[in-house]
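# Understanding the architecture of this molecule
Here is what each chain is made of, one letter per residue.
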Amino acid sequence: MTVSIQREPIDVASEYAQLVGPQPDAAVATFTGYVRDHSDAHAVSQLELEHYPEMAQKVLMALGERAADQFGLSRWRIVHRYGLLDVAETIVWVGAVAEHRGEAISASELMMDTLKTDAPFWKREQGPDGHVWVASKAVDQHRRARWRSEEKA
Amino acid sequence: MGITIKLFSSLREVLGESEFEFSLTELDSAVTVAAVKSALSQRGASWQEALNQPNLVHALNHKVVYTDAVVAAGDELAFFPPMTGG
């Protein structure tokens, strides 16, 4: 369905209403990610998200389409922010509509796990000692790898 | 042969450039991403170090590729560290 890469905060209620439409399919799963006030090592006061616009658009479309194919989604949407974000602001929102809960939940998980490692966004945290680029996490790579065995060659 | 190079995140910051045109004079029928990296590494120690970091990601025309991918005139080649969105 659609992707939005935007500077503005995500209006979760409005996104949900648009995803579901007037007559919902049987199962709807969504995920919302927010800016935390800390990382593993220090307090975080602000987050800056850099991105590669043309590639990010293509990657998010492709992974949404993959999730839709794999789990038979009737509707899906991915929204990702860029720019300067304050603590507790929304970063990302994904939604998946399917006939059964398993498909809707798994599709949301696939979209998030793949997005974390494959979509060209980079976080830079403002902490007590200045700006720090966030390093890629092993747990994200592991979660991504779970879906790799199911990918077509 | 001219291509567009793009740098993101810490690479952009360390190297002080985000986008530039780059010509490969040693025109070969099969110029690879590795050859472009090696040519750019001649620009100095900071380039050499940044482009040879172990987890560097290469994207050719918006798709992640290995260093043996072949680059053609007009292509867009981007270098960046592992992605950390979401």
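Residues numbered from 1 in each chain as written. Chains lettered and ligands numbered in written order. Predicted model: local features only at pLDDT ≥ 70, side-chain atom pairs only at ≥ 80, totals over all residues.

### Describing the overall build of chain A
When you go through chain A residue by residue, the secondary structure sums to four helices and eight strands. Along chain A, helices and strands appear, N-terminal first, in the series β-α-β-β-α-β-β-β-α-β-β-α. Here the C-alpha radius of gyration of chain A, 16 Å, is about what a compact globule of 153 residues would show, namely 15 Å. Overall size of chain A, expressed as C-alpha extent along the three principal axes, is 50 × 35 × 25 Å. Burial analysis of chain A (153 residues in total) assigns 33% to the buried set. A separation of at least 24 residues holds for 76% of the contacts in chain A among residues at least 6 apart in sequence. (Helix = DSSP H or I, 4+ residues; strand = E, 2+ residues; numbered from the N terminus. Rg over C-alpha atoms; globule rule 2.2 N^0.38 Å. Buried ≥ 20, exposed ≤ 12 C-beta atoms within 10 Å, placed from the backbone. Contact = placed C-beta atoms within 7 Å.)

### Structural notes on the environment of Asn55 of chain B
Residue and element names in this part refer to chain B. With respect to the helices and strands, the residue Asn55 is situated in the loop between helix 3 (45–51) and strand 4 (57–60). Given 9 C-beta atoms within 10 Å, Asn55 falls into the exposed group. Here the alpha-carbon distance between Asn55 and Phe80, two residues 25 residues apart in the chain, equals 8.9 Å. When near neighbours in sequence (up to four residues on either side) are disregarded, Asn55 contacts Pro81 and Pro82.

### Let's talk about the sheet that holds strand 6 (residues 90–98) of chain A
Residues and elements named next belong to chain A. Strand order in the open sheet formed by four strands is 1-4-6-2, and the pairing between neighbours is mixed. Edge positions in the open sheet fall to strand 1 (2–6) and strand 2 (27–34), since each of these has one partner strand only. The mean angle between the axes of side-by-side strands here comes to 10°, regardless of whether they run parallel or antiparallel. Alignment of strand 1 against strand 4 (residues 75–81), held across five bridges, turns out to be parallel. Counted as the bridge partner of Gln6 is Arg81 from strand 4. Relative to strand 1, helix 2 (residues 53–71) is tilted by about 150°, and along the sheet it contacts strand 1, strand 4 and strand 6. (Pairing = 2+ DSSP bridges. Axes fitted to C-alpha atoms, helices over the stretch in contact; angles between N-to-C directions.)

Everything listed here is a matter of coordinates, which is why it stays silent on function.
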